[in-house]
Amino acid sequence: MCASGKYSSRGPALIPRMKTKHRIYYITLFSVVLLGLIATGMFQFWPHSIESTADWSLDRRSVHDAPLIQLPVSNPIPERGDLSCRMHTCFDVYRCGYNPKNRIKVYIYPLQRFVDEGGVPISSTGLSREYNGLLSAISDSEFYTDDVTRACLFVPSIDVLNQNSLRIRETAQALAMLPRWDKGMNHLLFNMLPGGPPDYNTALDVPRDRALLAGGGFSTWTYRQGYDVSIPVYSPLSADVELPERQPGPRHYFILSSQTAIHREYRAELERLKEENGEALLLLDKCSNLSQGVASARKRCYKGQVFDYPQILQESSFCVVLRGARLGQATLSDVLQAGCVPVILADSYILPFSEVLDWKRASVVIPEEKLPEMYTILKSIPHRQVEEMQRQARWFWDAYFSSMKAIGMTTLQIINDRIYPYAARTYEQWNNPPVVKWLSVNSPLFLPLIPPRSPGFTAVVLTYDRIESLFRVITEISKVPSLAKLLVVWNNQNKSPPEGEKKFKCPECTAIDGLSLDQTHMVERSECINKFASVFGTMPLKVVEHRADPVLYKDDFPEKLKSFPNIGSL
Amino acid sequence: MQAKKRYLFLLSAGACLVLLFYFGGVQLPASGRNRHDRSHNGYRPDQPWPHFSDPLQQFLPWDQLDTEEYNIHISPRQKRDVNTSVYKGKRCRMDSCFDFSACKKNDFKVYVYPQQKGEKISESYQNILSTIEGSRFYTTDPGQACLFILSLDTLDRDSLSPQYVHNLKTKVQNLHLWNNGRNHLIFNLYSGTWPDYTEDLGFDIGQAMLAKASISTENFRPNFDVSIPLFSKEHPRTGGDRGYLKYNSIPPFRKYMLVFKGKRYLTGIGSDTRNALYHVHNQEDVVLLTTCKHGKDWQKHKDARCDKDNAEYDKYDYREMLHNSTFCLVPRGRRLGSFRFLEALQAACVPVMLSNGWELPFSEIINWNTAAVIGDERLLLQIPSTVRSIHQDKILALRQQTQFLWEAYFSSMEKIVLTTLEIIQDRVLQQESRSTLMWNSHPGGLFALPQYSAHLGDFPFYYATLGIKPYPKFTAVIHAVTPLVSQSQPILKLLVAVAKSPYCAQIIVLWNCDKPLPAKHRWPATSVPVIVIEGENKVMSSRFLPYETIVTDAVLSLDEDTVLSTTEVDFAFTVWQSFPERLVGYPARSHFWDSNKERWGYTSKWTNDYSMVLTGAAIYHRYYHFLYTNFLPASLKGMVDQLANCEDILMNFLVSAVTKLPPIKVTQKKQYKETMMGQSSRASRWADPDHFAQRQTCMNKFASWFGGMPLVHSQMRLDPVLFKDQVSILRKKYRDIERL
């Protein structure tokens with residue numbers, strides 16, 4: 001196309017000089033242009049097949065194909081995160097706009113490999129399996145847009161899940177190089193392991209301007225409420241181990257501690273609890289005879305006795321989740337998966353997704369200082385409560401912890417709820433497990449109100465063609481003082497409704513008066529009930545044995561003093 | 001000719017070129033830009049995230065955490081101490097600025113400094129203090145206290161205000177319990193002044209917590225401060241008006257969609273939003289009115305729109321709009337919060353918030369998305385389309401929730417103050433704190449006490465929400481006050497009748513008689529366990545103590561001389577299962593307003609309605625034992641004990657205050673009506689001429705403590721489905737009720 005364009009553009013200038021063979025020239029020119037057009041057309045209609053082959057080849061694509069970007073040392077570094085940032089100060093809401101679906105659009109930057117001037121990558125792991133999974137999930141979701149101009153939220157493809165594998169300064173420079181960075185406005189970073197030795201900050205140390213942080217392990221001092229999102233630390237075991245859901249109920253052990261790296265002071269405290277309460281506590285540690293690596297992650301030991309991890313978690317009612325160097329612990333995820341109630345001892349820790357999840361119903365939070373009282377505190381919790389928490393714990397894992405996709409979607413939904421608060425998911429939607437959603441009854445008229453008589457009621461009378469009976473109903477009901485309006489639904493296509501006050505005689509009506517006694521009628525109604533119940537998936541009707549009567553109904557009392565004397569006198 | 005041809009060719013070539021450019025040059029980049037950018041290795045930047053085929057590393061190497069966690073040498077205790085010393089002032093949190101050790105185990109007591117002579121205190125602050133002093137949290141012993149409240153008026157810290165207290169700094173520093181504000185709570189409604197209205201209180205609050213109105217998210221210290229609503233001087237101290245919603249209308253639309261009427265500031269802080277409101281005003285269903293007429297020299301500052309706005313402003317009546325609008329705009333004023341918020345809430349007009357950065361009242365516990373529309377000042381012009389897009393079902397829910405929240409937390413000063421204290425108590429007692437559901441659903445956090453149980457299923461309020469049912473048995477509690485002398489005493493008959501009920505789990509006899517306990521063999525043999533508890537103080541209120549032996553959800557409360565048949569009990573219990581949060585009883589009583597005496601009256605006459613059932617024979621949830629004992633003030637319980645009367649009235653007041661609904665009366669055998677209540681001991685009690693007068697007095701005393709009359713009338717009695725119907729008695733399940 002380019003070539004033909006060039007050629008033809010030169011054309012007009014040549015024409016005057018070419019007196020002979022001009023015809024051939026014009027024909028050539030014309031055919032070239034025509035060919036160009038056809039080629040263009042082909043290009044227009046072929047792309048589908050081109051794309052599909054491209055897609056096919058995409059499946060075999062490698063991260064090493066991503067463009068290599070060298071970061072000059074002098075490149076700017078973003079400012080450290082601003083602690084006062086809130087949605088109304090650091091977030092550009094105009095980018096999200098008003099849309100009927102009330103859904104934000106999320107753009108993912110294409111993958112690039114950043115290296116410093118010496119060619120050393122800014123991250124030791126590069127794109128991790130988990131971050132790749134997260135980005136794929138976003139890209140497959142309804143939040144995703146490939147149109148950078150329409151995006152409300154930007155997700156860099158720079159993996160900062162684990163600060164330990166990052167070179168902080170270079171990572172920050174890489175962020176600042178993103179084409180739409182704009183002081184980090186509307187950018188979302190995911191980080192699960194923040195901080196580093198010796199003091200382990202509770203938020204990612206990479207300077208990031210105004211970017212939002214979805215972080216695992218925030219403390220109340222680093223978490224910007226209503227701006228950041230507190231996320232779990234994903235447990236890689238989730239993908240490898242399948243733990244079948246267990247019915248809530250009492251377990252073999254009462255309290256279990258499975259973490260391997262517990263501060264010695266706390267381990268001593270736990271040992272003391274174990275001494276006092278014996279078998280009810282199981283205090284596990286690393287197996288000393290196993291080599292490091294995957295195998296050791298799947299085993300725990302107590303005095304030479306080897307237990308499978310995380311399976312052993314299912315054998316306990318409560319499982320301890322103690323802070324380590326960091327506040328966020330991957331153990332929390334394992335514990336929830338096992339349907340074990342987490343006992344969280346991590347002062348100032350912002351629990352994952354605490355903006356929407358009601359952790360009171362799924363966990364016990366105990367101040368670190370009260371570790372010695374843990375046993376007494378847990379013993380005071382009623383059994384029914386423990387069972388509900390076990391169920392709730394497992395549900396939280398299923399819905400919000402089980403995969404990087406679950407974590408990513410929950411994060412985006414939380415941000416979405418902030419931007420479109422009037423379309424936000426409700427407490428019940430977030431917190432009720434499916435079984436509760438199924439069983440619970442939430443009346444649309446939930447406010448306890450006893451309406452006054454004054455607005456009265458509207459009577460709706462369905463009629464076919466039994467005019468006499470209709471008029472009888474109308475006459476009777478219009479005597480009621482509270483009647484505000486009477487609506488007759490004429491349910492007969494063959495006849496038009498009677499006009500005015502005219503009375504109709506209906507001799508054939510009597511023939512069907514005995515309708516309700518008809519056997520087939522009953523059978524039909526039974527069938528209806530069965531059909532409806534199957535559509536509802538359950539029988540919503542409830543049986544009661546009471547009936548509402550006026551207070552003095554059938555009492556030995558002068559009728560004229562009763563408010564509703566005629567009831568039951570038919 | 002040739003030239004013509006030439007031009008023709010040129011023209012067509014040109015046309016072709018144009019076409020070529022059109023398809024190739026313009027459209028191609030638009031639709032297939034990505035394809036063009038594609039580099040040789042097939043990498044396409046703007047496409048969905050690719051599926052990489054290479055094995056990627058895990059973000060968390062297996063050994064990282066183990067090695068890292070072992071690296072920490074600093075003791076956790078030291079780490080906590082470091083936090084305490086580092087996070088001060090604006091970064092205060094409960095973990096760093098609050099001394100939990102001052103709060104005795106499971107006890108949250110509040111100390112109020114004694115009032116200094118000559119120190120002027122505004123009426124509002126006086127009300128706050130007296131509310132705390134009248135609450136169950138109050139202690140006069142600072143050694144017992146977990147929280148301290150100043151007797152110095154800090155409500156109005158606008159230095160231009162006449163209420164402003166000077167020299168607060170020195171006054172506070174001189175308090176010997178001040179301890180740099182640790183465990184202190186400071187109430188504040190106004191801070192800063194014209195022109196910048198800062199949120200500074202004008203004195204060093206040290207490590208004290210703030211319960212402040214109009215607080216911004218920027219200054220708000222989460223889980224440390226409490227955001228309270230701005231309320232006026234006229235806000236009632238107790239009780240307070242109910243919400244204006246009397247009945248639900250469907251569809252829920254009102255005359256106006258969105259209204260606002262208020263001042264416009266023209267310039268300075270907070271003026272932008274109100275200045276722009278006229279863009280959205282449409283004179284029809286969106287009526288947003290502002291006036292420039294306020295302050296002395298408004299004429300000086302007025303702009304081109306003022307006269308027009310002022311004229312429009314006078315055309316509408318604020319009250320009329322408030323009550324006839326679906327949504328009410330609540331834009332920020334000079335400060336973030338405004339009176340409009342509570343006004344709209346009470347009027348069941350769904351507030352549409354336009355106050356960026358305002359930490360909404362009680363945001364720690366209230367999920368405001370269920371009762372308000374949180375708008376963004378930057379998107380003012382979108383507000384009409386936003387509110388119009390809200391579905392009717394949602395409007396209906398939002399409106400009801402405004403009423404629930406208003407009555408639960410805002411309708412009186414007392415509720416605002418108690419809610420503030422309960423929020424702090426929840427933080428302090430962690431294990432005994434309310435879940436979000438308890439705060440945000442009926443009957444609300446002030447009536448749902450977490451000290452009773454952490455399990456939602458133990459309360460009578462959440463069965464439907466959780467999709468569960470109460471335990472299908474009851475515990476009978478018989479209040480015995482006369483010695484056991486004969487085997488034909490009514491209490492023994494009653495015991496046998498109740499024990500026969502298949503729903504009876506156990507019977508507790510509360511021995512409140514001065515004579516010693518009868519020997520075990522004197523009690524009849526029953527199929528259910530009979531537990532005899534000796535009342536410690538033998539007082540009336542002890543019949544409503546939350547005995548640990550009561551393991552069922554339902555309690556059947558009985559007087560010793562009550563005459564009941566097994567069938568009557570069975571039927572009442574099945575009714576209670578449908579209404580587990582209400583009182584279900586047999587004989588009923590009623591209250592009325594005696595306009596001659598200007599007081600509440602009590603009647604036991606047979607009337608067409610009732611508002612109380614006697615607790616000498618009633619079924620209710622065991623939670624009400626806990627609530628009666630722990631929620632009601634000692635003054636009312638003391639009155640009951642002293643009179644040995646009115647305990648049933650108080651219980652009815654309590655349950656109706658919680659449920660906002662009347663009790664339920666069920667059928668009883670008619671011929672026993674006269675004798676059911678009142679033989680032996682009871683007779684003496686009821687025969688007392690003072691008895692009736694006392695009950696009148698009780699009613700009025702109770703109503704004044706509740707801040708209004710919580711009782712609700714009902715005209716309904718629940719009878720068995722075939723009751724007195726003309727069918728064979730053999731077909732009736734509860735036939736004994738009809739038999740003479």
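What you are looking at is a predicted structure, and each value in this text was computed from that prediction instead of being measured.

All names here are of chain B. Every buried residue belonging to helix 9 (residues 306-315) is among Cys306, Asp309, Asn310, Glu312 and Tyr313, and all of these are buried. Buried positions in helix 9, seen along its axis, are confined to an arc of 165° and lie on one side of it. Exposed residues lying more than 90 degrees from the buried face of helix 9 are Lys308, Asp314 and Lys315. Along its buried surface, helix 9 packs onto strand 9 (256-263), strand 10 (286-291) and helix 8 (298-301).

Now for helix 8 (residues 264-277) of chain A. Between its first and last C-alpha, helix 8 of chain A extends 20 Å over 14 residues, near the 20 Å set by a 1.5 Å rise per residue. Along helix 8 of chain A, the residues classified as buried are Tyr266, Arg267, Glu269, Leu270, Leu273 and Lys274 of chain A. For helix 8 of chain A, the angular spread of the buried residues around the axis is 155°, confining them to a single face. Exposed and oriented more than 90 degrees from the buried face of helix 8 of chain A are Arg264, Glu275 and Glu276 of chain A. The inward-facing, buried residues of helix 8 of chain A contact strand 8 (253-257), strand 9 (281-283), strand 10 (299-302), strand 12 (316-322) and helix 11 (374-379) of chain A together with helix 3 (76-86) of chain B. Following helix 8 of chain A by one or two positions, Gly278 of chain A has its phi on the positive side, about 60°.

Moving on, we get to the packing of aromatic side chains. Residues and elements named next belong to chain B. Tallied over the entire structure, the rule returns 50 aromatic pairs over all chains. Both rings, one in Phe108 and one in Phe137, keep their centres 5.6 Å apart while their planes meet at 80°; by these two values the pair is edge-to-face. Taken together, the residues Phe108 in the loop between helix 4 (94-97) and strand 1 (110-112) and Phe137 in the loop between helix 5 (123-133) and strand 2 (138-139) connect sequence positions 29 residues apart. The exposure class assigned to Phe108 is buried, which follows from its relative accessible area of 2%. Between Phe341 and Trp358 the ring centres are 5.4 Å apart and the planes differ by 75°, which places this aromatic pair in the edge-to-face class.

Turning next to the UniProt feature "coiled-coil region" (unreviewed entry) in chain A. UniProt's entry tags residues 256-283 of chain A with the feature "coiled-coil region" (unreviewed entry), counted in the numbering of this structure. Between the C-alpha atoms that bound residues 256-283 of chain A the distance is 6 Å, and the span itself is 50% helix and 18% strand.

The next subject is the packing of helix 5 (residues 129-140) of chain A against helix 13 (residues 404-419) of chain A. All names here are of chain A. Remark: helix 5 packs on helix 13, axes separated minimally by 8 Å, with the N-to-C direction vectors making an angle of 55°. Here helix 5 lies oblique to helix 13, going by the angle between them. In this structure, helix 5 crosses over helix 13, and the sense of that crossing is right-handed. Of helix 13, the residues touching helix 5 (which contributes Glu130, Gly133, Leu134, Ala137 and Ile138) are Met404, Lys405, Gly408, Met409 and Leu412. Looking at the contact of helix 5 with helix 13, its residues break down into 6 nonpolar, 2 polar and 2 charged.

What counts, and where the lines are drawn
- Residues numbered from 1 in each chain as written.
- Chains lettered and ligands numbered in written order.
- Predicted model: local features only at pLDDT ≥ 70, side-chain atom pairs only at ≥ 80, totals over all residues.
- Heavy atoms only, no water.
- Buried < 20%, exposed > 50% of the residue type's maximum accessible area, 1.4 Å probe, protein only.
- Helix = DSSP H or I, 4+ residues; strand = E, 2+ residues; numbered from the N terminus.
- Arc of directions from axis to C-beta.
- Contact = heavy atoms within 4.5 Å.
- Expected span 1.5 Å × (residues − 1).
- Phe/Tyr/Trp six-rings, centres within 6.5 Å; stacked < 30°, edge-to-face > 60°.
- UniProt positions renumbered as here; feature names shortened; annotations may be inferred.
- Axes fitted to C-alpha atoms, helices over the stretch in contact; angles between N-to-C directions.
- Parallel < 35°, antiparallel > 145°, perpendicular 65-115°, else oblique.
- Left-handed = near helix turned anticlockwise from the far one by under 90°.
- Nonpolar A, V, L, I, M, F, W, Y, C, P; charged D, E, K, R; others polar.

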